[in-house]
Amino acid sequence: MTDVTDGVLHTLFRSDQGGHEQVVLCQDRASGLKAVIAIHSTALGPALGGTRFYPYATEEAAVADALNLARGMSYKNAMAGLDHGGGKAVIIGDPERIKTEELLLAYGRFVASLGGRYVTACDVGTYVADMDVVARVCPWTTGRSPENGGAGDSSVLTAFGVFQGMRASAQHLWGDPTLRGRTVGVAGVGKVGHYLVEHLLEDGARVVITDVRPDAVRRVTDAHPEVAVAADTEALIRGDHSFGALDIYAPCALGGALDDNSVPVLTAAVVCGAANNQLAHPGVEKDLADRGILYAPDYVVNAGGVIQVADELHGFDFERCKAKAAKIFDTTLAIFARAKADGIPPAAAADRIAEQRMAEARGR
């Protein structure tokens, strides 16, 4: 446990990836809850970010994920123009085995104890029904069902926003904001990915998918037999499937999809997907640029969901949210323009814009 603590303290106080305002370790023995709540910044307002429920290999991995995700939410909320800072929570364990009403209520009480500094919502492993339970003991909960005053599934607008990012990428690279005739590979067709596939097909794209869960793949192919399937992510990005080389690669599962192994073999000219923290480590953004691959920063294009759950706090209106999410197209183009003007990768350009907004908020 000493190594875990040392690692956390190093990240928080001495790493460039640190600077978090608060990290809370939560445990409720009666329900089996073990959770981490990380608040990166409240410069723009209360921290907003989802709750991930996942069977991490180690507690250290869980804390590291919470820290990375919370930091990413600060940048995502800033780029989305929201008056919210960044936070994230992770619950350690397999949700299929240990998720209970008692555990969710215990978690909700921990969130409530922060007095509104952190507003929670859904993420991997948590769903609208779970947020309804959490909301029974915590008023700082969003992503609830319409029956309970919420906005419902935020995956719909997350996928819509990613599609807007793809359209902007196509405009920047090929001079036309359409995916018609392009081959798009989607890795992960769960919550967000299967909605993204719908947008792509409607726009005339050729789509190839992969997912570790056969049932997720089957749901898409049953509805759309024209969609191709790759054996795994490596086969997808290499073009080892019936559609061949990709034009666009969309990572829509867990983070770290772009690393020292995947980037050198990518066939795509564009990477634009829904997954958080796609860059496995600093420097990958330069590797992509060196290969001439256009990277649409993940926290910019996948902000549709957080736009929706933020709007829920003020009385949800779907059309208002969709209009805000549509602006991801313009924001993505502005990032590409800033990157070209400054001679830096798009990920660095997005960071600069987000950091400027947070710095201006702190100076007020």
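How each quantity is defined
- Residues numbered from 1 in each chain as written.
- Predicted model: local features only at pLDDT ≥ 70, side-chain atom pairs only at ≥ 80, totals over all residues.
- Heavy atoms only, no water.
- Pairing = 2+ DSSP bridges.
- Helix = DSSP H or I, 4+ residues; strand = E, 2+ residues; numbered from the N terminus.
- Axes fitted to C-alpha atoms, helices over the stretch in contact; angles between N-to-C directions.
- Contact = heavy atoms within 4.5 Å.
- Salt bridge = Lys/Arg side-chain N within 4 Å of Asp/Glu carboxyl O.
- Buried < 20%, exposed > 50% of the residue type's maximum accessible area, 1.4 Å probe, protein only.
- Parallel < 35°, antiparallel > 145°, perpendicular 65-115°, else oblique.
- Left-handed = near helix turned anticlockwise from the far one by under 90°.
- Nonpolar A, V, L, I, M, F, W, Y, C, P; charged D, E, K, R; others polar.
- Phe/Tyr/Trp six-rings, centres within 6.5 Å; stacked < 30°, edge-to-face > 60°.
- Lys NZ or Arg CZ within 6 Å of the ring centre and 35° of its normal.
- 1 Å grid on protein atoms, 1.4 Å probe; cavity = no way out; pocket = protein on both sides within 12 Å on 5 of 7 lines; lining within 4 Å.
- Points joined across faces, edges and corners; volume = space filled by probe spheres on them.
- Polar contact = N/O pair within 3.5 Å; in protein donor to acceptor, adjacent residues only side chain to side chain.

**Structural notes on the sheet that holds strand S5 (residues 118–122)**
Overall, mixed pairing links the 5 strands, which are arranged S1-S2-S4-S3-S5 in an open sheet. Because the sheet does not close on itself, it has two edges, and the strands there are strand S1 (22–28) and S5. Pairwise comparison of adjacent strand axes, ignoring direction, gives a mean angle of 20 degrees for this sheet. Pairing between strand S2 (residues 33–41) and strand S4 (residues 85–92): 6 bridges, direction antiparallel. Considered in S4, the bridge of Ser-41 is made with Gly-86.

**A look at the side chain of Asp-311**
Assignment of secondary structure puts Asp-311 in helix H12 (residues 304–312). The residues touching Asp-311, leaving out its near neighbours within four places in the chain, are Phe-316, Asp-317, Arg-320, Cys-321 and Lys-324.

**With respect to the pattern of salt bridges**
This model, assessed by the stated rule, comprises 15 salt bridges. The partner of Asp-130 in a salt bridge is Lys-99, and the shortest N-O contact between them spans 2.7 Å. Placement of the pair is Asp-130 in helix H5 (residues 128–135) and Lys-99 in the loop between helix H3 (95–98) and helix H4 (101–112), with a sequence separation of 31 residues. For Asp-130, a relative accessible area of 9% gives the class buried. Here Arg-144 and Glu-312 are joined by a salt bridge, their closest N and O atoms 2.8 Å apart. Taken together, the residues span a long stretch of sequence, with Arg-144 in the loop between H5 and helix H6 (155–174) and Glu-312 in helix H12 at a distance of 168 residues. Given the relative accessible area of 19%, Arg-144 is considered buried. For Glu-312, a relative accessible area of 5% corresponds to the buried category. What you see here is one network of salt bridges that share partners, running through Arg-52, Asp-65, Lys-88 and Asp-123.

**A closer look at the packing of H6 against helix H14 (residues 328–342)**
Between H6 and H14, the least distance of the axes is 8 Å, while the angle of their chain directions is 45 degrees. One finds that H6 runs oblique with respect to H14. Helix-helix and strand crossings are classified by hand; for H6 and H14 the assignment is right-handed. Along the contact surface, H6 presents Gly-161, Gln-164, Gly-165, Arg-167, Ala-168, Ser-169, Gln-171 and His-172, while H14 presents Ile-328, Phe-329, Thr-332, Leu-333 and Phe-336. In terms of residue class, the contact of H6 with H14 is built from 5 nonpolar, 7 polar and 1 charged.

**Looking at the sheet that holds strand S10 (residues 270–271)**
As summarised here, the arrangement of the 6 strands in space is S8-S7-S6-S9-S10-S11, forming an open sheet in which the pairing is parallel. Looking at strand neighbours, the two that pair on one side only are strand S8 (228–229) and strand S11 (294–295), the edges of this open sheet. As defined by bridge partners, strand S6 (residues 183–187) adjoins strand S7 (residues 206–210) across 5 bridges and the pair is classed as parallel. In the strand pairing of S7, Ala-187 is matched with Thr-210. In this fold helix H8 (residues 214–223) packs onto S7 and S8, with an angle of close to 155 degrees to the strand it touches most, S7.

**As for the environment of Val-137**
Its location among the elements puts Val-137 in the loop between H5 and H6. Each C-alpha atom, one on Val-137 and one on Leu-104, is 9.6 Å from the other, the two residues being 33 residues apart in sequence. What Val-137 contacts, discounting residues up to four positions off in sequence, is Leu-105, Gly-108, Arg-109 and Ala-112.

**Section: the packing of aromatic side chains**
Using the criterion set out here, one finds 3 aromatic pairs in the structure. With 6.4 Å between their ring centres and 75 degrees between their planes, Phe-316 and Phe-318 make a pair best called edge-to-face. On the basis of relative accessibility, which here comes to 33%, the residue Phe-318 falls in the partly exposed class. The positively charged end of Lys-191 is found above the aromatic ring belonging to Tyr-127, 4.4 Å away from the centroid. The ring of Phe-160 carries the charged tip of Lys-322 above its face, separated from the ring centre by 5.1 Å.

**A look at the layout of surface pockets**
In this structure, the second largest pocket encloses a volume near 840 Å³. In this structure, the second largest pocket is lined by 34 residues; those nearest its centre are Gln-17, Asn-68, Asn-277, Gln-278 and Leu-279. At the level of secondary structure, the elements contributing two or more residues to the lining of the second largest pocket comprise strand S3 (47–54), helix H2 (59–79), helix H11 (298–301) and helix H15 (346–362). If you tally residues by element for the lining of the second largest pocket, the top one is H2, at 10 residues. Of the residues assigned to the lining of the second largest pocket, the class counts are 16 nonpolar, 10 polar and 8 charged.

**Focus on the side chain of Thr-120**
Inspection of the secondary structure assignment puts Thr-120 in strand S5. For Thr-120, a relative accessible area of 0% corresponds to the buried category. Polar side-chain contacts of Thr-120 include one of 3.1 Å to the side chain of Tyr-107. Polar side-chain contacts of Thr-120 include one of 3.0 Å to the side chain of Tyr-118. Those residues in contact with Thr-120 that sit more than four places away from it in its chain are Gly-49, Gly-50, Thr-51, Tyr-107, Val-111, Met-131, Val-134, Trp-140, Thr-141 and Thr-142.

**Re the environment of Asp-65**
Within the fold, Asp-65 resides in helix H2. Assessed through its relative accessible area of 16%, Asp-65 is described here as buried. Sequence separation between Asp-65 and Leu-157 is 92 residues, and the spatial gap between their C-alpha atoms is 24 Å. When near neighbours in sequence (up to four residues on either side) are disregarded, Asp-65 contacts Arg-52, Tyr-56 and Val-90.

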